[in-house]
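Chains, contacts and geometry: an overview
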Amino acid sequence: MCRGRPLRLAWLLGLAACPISSAVAETIQIRVKDLGFVPAQVSARVGDTVEWVSRDFVAHTATERDGRWDVAIPAEGKGRITLTRAGAVAYYCRYHPGMIGSISITAPP
Ligand SMILES: [Cu+2]
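Residues numbered from 1 in each chain as written. Predicted model: local features only at pLDDT ≥ 70, side-chain atom pairs only at ≥ 80, totals over all residues. Heavy atoms only, no water.

**Overview of the environment of Ala 90**
Considering the arrangement of structural elements, one finds Ala 90 in strand 8 (residues 87-92). A relative accessible area of 32% places Ala 90 in the partly exposed class. On a C-alpha basis, the gap between Ala 90 and Glu 64 in space is 6.0 Å, while along the polypeptide they are 26 residues apart. Every residue in contact with Ala 90, bar those within four places of it in the chain, is listed here: Thr 63, Glu 64, Arg 65, Gly 101 and Ser 102. (Helix = DSSP H or I, 4+ residues; strand = E, 2+ residues; numbered from the N terminus. Buried < 20%, exposed > 50% of the residue type's maximum accessible area, 1.4 Å probe, protein only. Contact = heavy atoms within 4.5 Å.)

Below you can see the structure in the form of C-alpha cells.
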C-alpha cells in the first residue's frame with residue numbers, strides 16, 4: 001500500500017527544488033527621467049529582460065553602440081529587450097546622445 005510513497009516523495013522533492021534554480025530570468029527596470037537612465041549601470045544575465053520605463057514627456061531610445069539593438073521608448077511609455085548574448089554593452093539615446101548607460105551581461109551558469 002505504501003509502495004509508491006517513496007517514489008512520490010522523491011518526485012515532490014525534485015519538483016520543489018526546481019524553482020531554486022538560478023536560471024530563472026528576471027526583468028530589470030531602468031527609469032528614464034530628466035534625460036537620464038537610472039541606474040546608468042546594471043548587471044544582468046542572458047535571458048533577462050531589460051525594461052526602460054520613461055517618466056519624461058519626450059521620446060527616447062536605448063540604442064546599442066554597436067548597432068545590435070535599438071529600443072524605442074515613447075514619452076511616458078516603456079521599451080524592453082530580452083538579452084541574448086553575454087558581454088559588456090554600452091547604449092545611448094539617439095535623440096539625446098548625452099544619455100548613456102551600460103549593461104554587464106553574464107552567461108547563465
Ligand atoms: Cu533621449
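**With respect to the sheet that holds strand 1 (residues 27-33)**
The four strands are arranged 2-1-4-7 in an open sheet whose pairing can be described as mixed. Strands with a single pairing partner mark the edges of an open sheet, and in this sheet they are strand 2 (36-38) and strand 7 (78-82). Strand after strand, the sheet turns through a mean of 25° between neighbouring axes, direction not considered. Bridge count for strand 1 against strand 4 (residues 49-54) is six bridges, and the pairing is parallel. Along strand 4, the bridge assignment pairs Ile 28 with Val 50. (Pairing = 2+ DSSP bridges. Axes fitted to C-alpha atoms, helices over the stretch in contact; angles between N-to-C directions.)

Honestly, that's just the spatial picture; any functional story needs more than this.
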